[in-house]
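Observations on chain architecture
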Amino acid sequence: MGLAGDLKEDVVGLVRNPTDEQKAILVAIVAIAIADRYFLWIEFPFVVRTTAAVGVGFIALFVVSYLLTGHLVPPDEDDDEEYEDEFHP
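Read on for an overview of the structure. Note that the structure is predicted; figures quoted are calculated from it, not measured.

**Section: the packing of helix H2 (residues 20–41) against helix H3 (residues 46–69)**
With their axes 7 Å apart at the nearest point, H2 and H3 run at an angle of 150° to one another. In terms of axis orientation, H2 runs roughly antiparallel to H3. H2 and H3 meet at a crossing whose hand is right-handed. Its residues assigned to classes, the contact of H2 with H3 shows 17 nonpolar, four polar and four charged.

Have a look at this one:
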């Protein structure tokens, strides 16, 4: 199908039935854009403004991820085997 067809399918999937990860990423992108415009309005320097906006995006990503899934880190699917520390038997 090609790159254009795959991209079209991804966008259609995002619009019709987004996953929890896609929802969280979309909220983070919107939070970054809003924070960047806010920091521009109060005239922060460029580096400070973009760094702070990305920080706000990460905070929004973790908060939305927690609200959607109920935990910050998803559980491991193959966590059946016990961890063996080779340095401390």
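Next comes the rest of the account.
**Structural notes on the packing of aromatic side chains**
The geometry of an aromatic ring pair comes down to the distance between the two centres and the angle between the two planes. Counted under the stated rule, the structure contains three aromatic pairs. Relative to Phe-44, the ring of Phe-39 lies with its centre 5.4 Å away and its plane at 15°, an arrangement referred to as stacked. Grouped by ring-pair contacts, the aromatic residues Tyr-38, Phe-39, Trp-41 and Phe-44 constitute a single cluster.

**Considering the environment of Tyr-38**
Of note, Tyr-38 is situated in helix H2. The exposure class of Tyr-38 is partly exposed, given its relative accessible area of 46%. Between the alpha carbons of Tyr-38 and Arg-49 there is a distance of 8.9 Å; along the sequence they are 11 residues apart.

Each value, and the rule that gives it
- Residues numbered from 1 in each chain as written.
- Predicted model: local features only at pLDDT ≥ 70, side-chain atom pairs only at ≥ 80, totals over all residues.
- Heavy atoms only, no water.
- Axes fitted to C-alpha atoms, helices over the stretch in contact; angles between N-to-C directions.
- Helix = DSSP H or I, 4+ residues; strand = E, 2+ residues; numbered from the N terminus.
- Parallel < 35°, antiparallel > 145°, perpendicular 65-115°, else oblique.
- Left-handed = near helix turned anticlockwise from the far one by under 90°.
- Nonpolar A, V, L, I, M, F, W, Y, C, P; charged D, E, K, R; others polar.
- Phe/Tyr/Trp six-rings, centres within 6.5 Å; stacked < 30°, edge-to-face > 60°.
- Buried < 20%, exposed > 50% of the residue type's maximum accessible area, 1.4 Å probe, protein only.

Scope: geometric values only; no functional claims are made or implied.
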